[in-house]
Amino acid sequence: GDPLEVARLEGFVAELRGRLEHCGAALDDQSRRNAQLTGEVRKLTDILGDEGHALHTRPYQSLHGQLLNVQEEGARFRNALSQLQREGEALRAELRSKSMAAAKAVNEARRAQLAEARVQDCESRLRATLTERDELSYRLSAQHETAARQRLNEERARMLDQLQKENQHLRTEALKARTLRADLDAAKLAAANADV
């Protein structure tokens, strides 16, 4: 093959390898963030066991903000990975169109195939981290619903307690009224007997 063409293809492969290294670093960062969020969700779950207003706590607000950031980073990461795949496909197509007779060109084709496999592995690991992120988001939504139900139950319990207190007060007042009426009737009867 043309030495200049091979050198140009070598440059493409080197660039692709650099992009893959960046892809791997970003993926590792996603994994660390998901691990951190998993721990925060576990802590928040413990808090929900004792408090009904966890949604208003600083840990929940912080965790919710982190999830939004991870979602945005995931979208950017998917776009970058798609661009990387398109470039890899273009490189592979160009390598296939060249003569593989020269040992140098054959070697570069093998390196491109290895880069392709690493892209596929990176994509697979990214899907796993994004699935984990979606699970964290679902668990947060479930905790949101749990906290809302707990607040509703607390409000119902408070209203029931208030109603019971009001009923007790009314029973007490009714008893006082009946006692007063009996006393008045007894006084009227005594007065009528005195007049006779």
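All of the points below concern the structure found in this document. Note on numbering: residues in each chain are counted from 1, in written sequence order. Per-residue local features are limited, in this predicted model, to residues with pLDDT of at least 70; the limit for side-chain atom pairs, both in listing and counting, is 80 or more; totals at the level of whole chains, interfaces and linings are taken over all residues. Values shown for side chains rest on all heavy atoms present in the structure; no hydrogens or waters enter the calculation.

### Regarding the overall build of the protein chain
Move 1: Working definition: helices are DSSP H or I runs of at least four residues, strands are E runs of at least two. Numbering for both runs from the N terminus. A tally of regular secondary structure across the protein chain gives 3 helices and 0 strands.
Move 2: Going from N to C terminus, the protein chain has its helices and strands arranged as α-α-α.
Move 3: In the protein chain, which comprises 196 residues, the share counted as buried stands at 24%.
Move 4: For this analysis, residues touch if any pair of their heavy atoms sits within 4.5 Å. For the protein chain, contacts bridging at least 24 residues in sequence account for 87% of all contacts bridging at least 6. With a 1.4 Å probe rolled over the protein chains alone, any residue whose accessible area is under 20% of its type maximum counts as buried; one over 50% counts as exposed, and the rest are partly exposed.

### Here's the deal with the environment of Gln 36
Move 1: For Gln 36, the location among the structural elements is in helix H1 (residues 3-50).
Move 2: Each C-alpha atom of the pair Gln 36 and Leu 63 lies 9.6 Å from the other, and the pair is 27 residues apart in sequence.

### So, the layout of surface pockets
Empty space among the atoms can be located by rolling a probe the size of a water molecule over them.
Move 1: Reported here for the largest pocket is a volume of approximately 250 Å³.
Move 2: Grid spacing is 1 Å over the protein atoms alone, the probe is 1.4 Å, and a cavity is where that probe fits but cannot get out, while a pocket is an open set with protein on both sides within 12 Å along at least five of seven lines and lining residues have an atom within 4 Å of a point. Together, 13 residues line the largest pocket, and His 22, Cys 23, Ala 26, Phe 77 and Ala 80 are the ones closest to its centre.
Move 3: Where the lining of the largest pocket is concerned, the elements lending two or more residues are H1 and helix H2 (58-97).
Move 4: Among the elements that make up the lining of the largest pocket, the one with the highest residue count is H2 (7 residues).
Move 5: Under the grouping applied here, Gly and all other residues not named as nonpolar or charged are polar, the nonpolar ones being Ala, Val, Leu, Ile, Met, Phe, Trp, Tyr, Cys and Pro and the charged ones Asp, Glu, Lys and Arg. A breakdown of the residues in the lining of the largest pocket according to their chemical character gives 6 nonpolar, 3 polar and 4 charged. Grid points are joined across faces, edges and corners, and a volume is the space filled by probe spheres set on the points.

### Looking at the nonpolar core
Move 1: In this description, a nonpolar core means a group of buried Ala, Val, Leu, Ile, Met, Phe, Trp, Tyr and Cys residues linked to one another through side-chain atoms lying within 4.5 Å. Counting residues in hydrophobic clusters, the biggest one holds 15 residues, and the most contacted among them are Leu 16, Leu 20, Cys 23, Leu 81, Leu 84 and Leu 126.
Move 2: For this core, the elements supplying multiple residues, two or more each, are H1, H2 and helix H3 (103-195).
Move 3: Those residues in contact with Leu 81, other than ones at most four positions away along the chain, are Cys 23, Cys 122, Glu 123 and Leu 126.
Move 4: Core analysis: the next-biggest nonpolar cluster, separate from the first, contains 8 residues, Leu 63, Leu 67, Val 70 and Leu 140 among them.

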